[in-house]
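# What the coordinates show
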Amino acid sequence: NKNKKTHVLRLSKTFLAIPFLVQGDELATMGKAAQALRKYRRALKCSPRQSGIHLKIGSEHHERHQYKRAITEFELAKKHSPKSIIPLLRLAEVYKEKGDLKEAINLFRRALKLNTNVSDRHRIALDLAYAIYDRAIELKELRDTAAAKREIHKAMRVNPDSKYLRSQLDELIEELRD
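Below or above, wherever it landed, is the structure these notes cover.

Here we come to the overall build of the chain. From N to C terminus, the chain includes nine helices and zero strands. For the chain, the succession of helices and strands along the chain, N to C, is α-α-α-α-α-α-α-α-α. The C-alpha atoms of the chain give a radius of gyration of 20 Å, which is well past the 16 Å a tight globule of 178 residues would have. Along the three orthogonal principal directions, the C-alpha set of the chain runs to about 70 × 35 × 25 Å.

This part is about the nonpolar core. Phe108, Ile152 and Leu169 are the most contacted members of the largest nonpolar core, which totals 38 residues. Those elements that place two or more of their residues in this core are helix 4 (67–80), helix 5 (86–98), helix 6 (101–114), helix 7 (118–141), helix 8 (145–158) and helix 9 (163–177). By residue number, the principal contributor to this core is helix 7, which donates nine residues. If sequence neighbours within four positions are ignored, Leu169 has contacts with Tyr133, Ile152, Ala155 and Met156.

For an α-helix, 3.6 residues make a turn, and residues three or four places apart therefore share a direction. Its 24 residues place the ends of helix 7 35 Å apart at the C-alpha level, agreeing with the 34 Å of an ideal helix rising 1.5 Å per residue. When we look at burial in helix 7, the residues that qualify are Ile124, Ala125, Leu128, Ala129, Ala131, Ile132, Tyr133, Arg135, Ala136 and Leu139. Turning to helix 7, the residues buried within the fold contact helix 5, helix 6, helix 8 and helix 9. Trailing helix 7 by a residue or two, Arg143 shows a phi angle of about 65°, which is positive.

For the rest of this paragraph, the subject is the environment of Ala148. Checked against the element boundaries, Ala148 lands in helix 8. Considered as a pair, Ala148 and Ile137 are eleven residues apart in the sequence and their alpha carbons are 6.8 Å apart. Excluding residues within four positions of it along the chain, Ala148 makes contact with Ala136, Leu139, Lys140 and Leu176.

On the secondary structure map, Pro82 appears in the loop between helix 4 and helix 5. Separated by 32 residues in the primary sequence, Pro82 and Leu114 place their C-alpha atoms 9.8 Å from one another.

What the rule picks out here adds up to two aromatic pairs. On the numbers, 6.5 Å between centres and 90° between planes, the contact of Tyr130 with Tyr133 is edge-to-face. Pair noted here: Tyr130 and Tyr133 are both in helix 7, with a separation of three residues, about one helical turn. Ring centres of Tyr130 and Tyr164 lie 6.4 Å apart, and the angle between their planes is 35°; this geometry places the pair in the tilted category. In this pair, Tyr130 sits in helix 7 while Tyr164 sits in helix 9, placing the two residues 34 residues apart along the sequence. Under the relative-accessibility criterion, Tyr164 is labelled exposed at 52%. Among the aromatic side chains, those forming a connected cluster through ring pairs are Tyr130, Tyr133 and Tyr164.

Taking 1.5 Å as the rise per residue, helix 2 (residues 33–46) with 14 residues should run 20 Å; its terminal C-alpha atoms sit 20 Å apart, in good agreement. Buried residues of helix 2: Ala33, Ala36, Leu37, Tyr40, Ala43, Leu44 and Cys46, and no others. The buried residues of helix 2 occupy one face: seen down the axis, they fall within an arc of 165°.

Attention shifts here to the environment of Cys46. One can find Cys46 in helix 2. The spatial distance from the C-alpha of Cys46 to the C-alpha of Glu75 is 19 Å, given a sequence separation of 29 residues.

What follows deals with the pattern of salt bridges. Counted under the stated rule, the structure contains seven salt bridges. For Arg135, the salt bridge is made with Glu138, and the minimal N-O distance between the two is 2.5 Å. With Arg135 and Glu138 both in helix 7, this residue pair falls three residues apart, about one helical turn. Relative accessible area serves as the criterion here: at 25%, Glu138 is assigned to the partly exposed category.

Rules behind the numbers
Residues numbered from 1 in each chain as written. Predicted model: local features only at pLDDT ≥ 70, side-chain atom pairs only at ≥ 80, totals over all residues. Heavy atoms only, no water. Helix = DSSP H or I, 4+ residues; strand = E, 2+ residues; numbered from the N terminus. Rg over C-alpha atoms; globule rule 2.2 N^0.38 Å. Core = buried A, V, L, I, M, F, W, Y, C linked by side-chain atoms within 4.5 Å. Buried < 20%, exposed > 50% of the residue type's maximum accessible area, 1.4 Å probe, protein only. Contact = heavy atoms within 4.5 Å. Expected span 1.5 Å × (residues − 1). Phe/Tyr/Trp six-rings, centres within 6.5 Å; stacked < 30°, edge-to-face > 60°. Arc of directions from axis to C-beta. Salt bridge = Lys/Arg side-chain N within 4 Å of Asp/Glu carboxyl O.

Below you can see the structure in the form of structure tokens.
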């Protein structure tokens, strides 16, 4: 059967990537990012549509603050695994670090909507609430008090149970009153 042969062939190509992934992980653990990236790229040649490999490469670039490259890899991971929240969360983290809070908030929201795992939901909601909080601070510094207050209320609605976030938001509200 041709379909079975094609499936076995694809599976064997994926297996060929495993030694490179293991070596890449070992090198990354030792702090040898450039060598790890070379191994991950060799794994990618064996299995170019494997989103996990793109995530590993993107993570190495992210750690090195090579945001454009990290975004490219995380976007490819998202393309190859459109129902996975992991590429969305990685992209959100990169955009947040870059200071593009609007995009980070958008990506955290998309991940929250796609998420089906109850235990992850709280963590994603907290990440979203903190990104919104950071956006409120940004707006406060731009002296856009009304927009900052709107963002504070959004953050409170996203994660009302966090005592620390609540104290930070209350503090920010007090600052905005001055």
